[in-house]
Amino acid sequence: MTPENELDYIEKLETSIPGFDFLSEGGLPKGRATLVAGTAGSSKTVFACQFLAEGIKRGENGVFVTFEEPPKALRRNMRGFGWNIAEWEMERKWAFVDASPQPGERMMVTGDYDLGALIARIEFAIRKYNAQRVSMDSLGAIFSHLSDSAEVRSDLFRMASALRELGVTAIMTAERTEEYGDISRFGVEEFVADNVVILRNVLADEKRRRTIEILKYRGTDHQKGEYPFTIVPGRGVVIIPLSAIELEQKSSNIRITSGSEELDRMCGGGFFRDSIILVSGATGTGKTLMVTEFMAGGVINEERCLIFAFEESREQLFRNAIGWGVDFQQMEKEGKLKVVCRYPETTGLENHLINMKETIESFKPNRVAVDSLSALERVSNLKGFREFIIGLTSFIKQQEIGGLFTSTTPTLLGGSSITEAHISTITDSIILLRYVEMYGEMRRGVTVLKMRGSMHDKDIREFSIDDKGMHIGKPFRNVTGILSGSPMYTAQSEVERLSNLFEE
């Protein structure tokens, strides 16, 4: 077999860490050592423990070599993720090699600092427990006792070679001093390890955002770039690989009602069943009302409906719905509606996305509404927000359910919003709600700006709101500049004059 062909046969060990096996295109190269580097708080220890925990669930025993935290602290800290390490130790599935400093102990080095005894302990534990996975956390604690980088490189190479000879797949964690600086503290670890994974916990716009990047995967392919991840209680590290989103969603010609007969006619017969609809407008233009009618229309047709509300409480939503003749409380009792209200600031967007996916998977709705995206925009930077939008919309489309999102424009009379710019290209339909000032009176207008795959009404129609909901009326005539936020009334004589310019 030629060396070129050997590269194609590198076997990978599935880690079962959510999202990582996709990024690594199969898992960690089997029988090799991987360096996981990151600054303090970037979840290196959680990643190392999760690697062993997921292996034990697959019947693969593990050895955890700790140089910093004592085993007692690790057992306690990891219980929050559902990993009962003490029980696994009793079952001889998990073994600790404790090289952590003892309380009050002062490290004294006489002569050359030698890792031979430590390597022997690790080899003994691997053989005794028949381990296939090894995690070492963290290398910086032992290498701080070595005087120069040559020693560090030599001992690290010796340790990696010993693990390779035993045929185990290993993770070695190392600390970094900055998020986008040197890969590791000593500058040599990454050259000895076969693979390098970087965890980051970047502070941007006063908000923390965790990302993971596979920097080096010797002899095998992987996804390039940074990908967001989060830490979920009961699960551990959950990576959100946006590149996993492929444009393979099925398209349906089946129409569903918007909840308003007149709006259905404006859209050419209603929304498509698996489409994403964006409703954009200023505060008070009727976005939440449109969500309410969208839900009510689904319940009438025996569809299961789900609302994610990020601006109003349940009591407010239920009170408003009753004011429009819709009984959300009764719908919930019948199991046809589920309302989930959360403040955006309670957690990061990655956690919101994971929670929303889990809710959708468990409730299995036919249509979903999110009110509003603009509230979620406050708790993230622009890149993180766009990744959230892409992740949510693609997931909803893959489930073949209808989604309606609302977005608040920054100005009262219209204009564009950042939210629209991020989601408009991936939505199937866009409905604009606008205020129109005429003769000292504020009126409301609605138009279907976009309806992918269908003819639709191009008029800007006036609508009103009462205790029965939304009533769409006739198109505005003799008024220009509504969508730009600068409506101007044009006299009838001027309209006739302009019309005559185009007559033969």
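Residues numbered from 1 in each chain as written. Predicted model: local features only at pLDDT ≥ 70, side-chain atom pairs only at ≥ 80, totals over all residues. Heavy atoms only, no water.

Participant: Explain the overall build of the chain here, please?
Facilitator: Counting its secondary structure elements, the chain contains 18 helices and 24 strands. Taking all 504 residues of the chain together, 53% fall into the buried category. Expressed as a percentage of contacts within the chain between residues at least 6 apart in sequence, the contacts between residues at least 24 apart total 68%. A total accessible area of about 23300 Å² is found for the chain, and carbon and sulfur atoms account for 50% of it. (Helix = DSSP H or I, 4+ residues; strand = E, 2+ residues; numbered from the N terminus. Buried < 20%, exposed > 50% of the residue type's maximum accessible area, 1.4 Å probe, protein only. Contact = heavy atoms within 4.5 Å. Areas by Shrake-Rupley, 256 points an atom, 1.4 Å probe, with all protein chains shown as cover.)

Participant: I'm lost on the sheet that holds strand 10 (residues 226-232) in this one. Help?
Facilitator: Where strands meet in a sheet, backbone hydrogen bonds hold them as pairs that are either parallel or antiparallel. An order of 5-4-6-7-3-8-9-10-11 is seen for the nine strands of this open sheet, with the pairing classed as mixed. Both edges of this open sheet fall to strand 5 (94-98) and strand 11 (236-239), since each of them pairs with a single strand only. Taken over all neighbouring pairs, the strand axes of this sheet differ in orientation by 25° on average, direction set aside. Examined bridge by bridge, strand 4 (residues 62-66) and strand 5 share five bridges and lie parallel to one another. (Pairing = 2+ DSSP bridges. Axes fitted to C-alpha atoms, helices over the stretch in contact; angles between N-to-C directions.)

Participant: How should I be thinking about the sheet that holds strand 19 (residues 429-438) in this particular structure?
Facilitator: Strand order in the open sheet formed by nine strands is 16-15-17-18-14-19-20-21-22, and the pairing between neighbours is mixed. Looking at the sheet topology across the chains shown, the edges are occupied by strand 16 (337-341) and strand 22 (469-475). Each adjacent strand pair in this sheet contributes to an overall mean axis angle of 25°, direction not counted. Packed onto the sheet, helix 14 (residues 349-363) meets strand 15 (305-309), strand 16 and strand 17 (367-371) and runs at close to 160° relative to strand 15.

Participant: Would you explain the pattern of salt bridges in this entry?
Facilitator: In a structure, side chains of opposite charge can pair up when their charged atoms sit close to one another. For the structure on display, the rule yields 27 salt bridges. In this structure, glutamate 213 and arginine 200 form a salt bridge, with 2.8 Å as the shortest nitrogen-oxygen distance. Taken together, the residues span a long stretch of sequence, with glutamate 213 in strand 9 (residues 207-217) and arginine 200 in strand 8 (residues 195-204) at a distance of 13 residues. Residue glutamate 213 shares its accessibility class with arginine 200, and that shared class is buried. Here arginine 265 makes a salt bridge to glutamate 262, at a shortest N to O gap of 2.5 Å. One end of the pair, arginine 265, and the other, glutamate 262, are both in helix 10 (residues 261-266), three residues apart, so they sit about a helical turn from each other. On the accessibility criterion, arginine 265 (53% relative accessible area) is exposed. Each of the salt bridges in this network shares a partner with another, and the network as a whole consists of Glu14, Arg58, Glu60 and Arg133. (Salt bridge = Lys/Arg side-chain N within 4 Å of Asp/Glu carboxyl O.)

Participant: Looking at this model, I keep getting lost on the side chain of histidine 456. Mind explaining?
Facilitator: Relative to the assigned elements, histidine 456 resides in the loop between strand 20 (441-451) and strand 21 (461-466). A polar atom in the side chain of histidine 456 sits 3.2 Å from the backbone oxygen of valine 448. Other than its neighbours up to four places away in sequence, histidine 456 contacts Met266, Cys267, Val448, Leu449, Lys450 and Met451. (Polar contact = N/O pair within 3.5 Å; in protein donor to acceptor, adjacent residues only side chain to side chain.)

Participant: Can you help me understand the packing of aromatic side chains in this one?
Facilitator: Aromatic ring pairs are reported here in terms of the distance separating the ring centres and the angle at which the planes meet. Summed over all chains, the structure comprises eight aromatic pairs. Judged by centre distance (6.0 Å) and plane angle (20°), the ring pair of tryptophan 88 and tryptophan 94 falls under stacked. Grouped by ring-pair contacts, the aromatic residues Phe64, Trp88, Trp94 and Phe96 constitute a single cluster. We note arginine 255 situated over the ring of phenylalanine 272; from NZ or CZ to the ring centre the distance is 4.1 Å. The ring centre of phenylalanine 363 lies 4.1 Å from the NZ or CZ of arginine 304, which sits over that ring. (Phe/Tyr/Trp six-rings, centres within 6.5 Å; stacked < 30°, edge-to-face > 60°. Lys NZ or Arg CZ within 6 Å of the ring centre and 35° of its normal.)

Participant: How do you make sense of unusual backbone geometry when you look at a structure like this?
Facilitator: Excluding glycine, a negative phi dihedral is what most residues carry, and trans is how most peptide bonds are arranged. The amide bond that connects aspartate 137 to the next residue, serine 138, takes the cis arrangement and shows omega of 0°. Looking at where serine 138 falls in the secondary structure, it is placed in the loop between strand 6 (133-137) and helix 7 (140-143). Residue serine 372 is reached from aspartate 371 by a cis peptide bond, and omega for that bond is 5°. Position of serine 372 relative to the elements: it lies in the loop between strand 17 and helix 15 (373-377). Positive phi is not limited to glycine here, since arginine 92 has a value of about 60°. Here arginine 92 lies in the loop between helix 5 (85-90) and strand 5.

Participant: Even after reading the chapter, I still don't get the environment of serine 252, so can you show me in this structure?
Facilitator: Note on placement: serine 252 falls in the loop between strand 11 and strand 12 (255-256). Classification of serine 252 as buried rests on a relative accessible area of 12%. Once the C-alpha coordinates of serine 252 and phenylalanine 272 are considered, the two residues, 20 residues apart in sequence, prove to be 6.7 Å apart. With near-sequence residues (within four places) excluded, serine 252 lies in contact with Phe272, Arg273 and Asp274.

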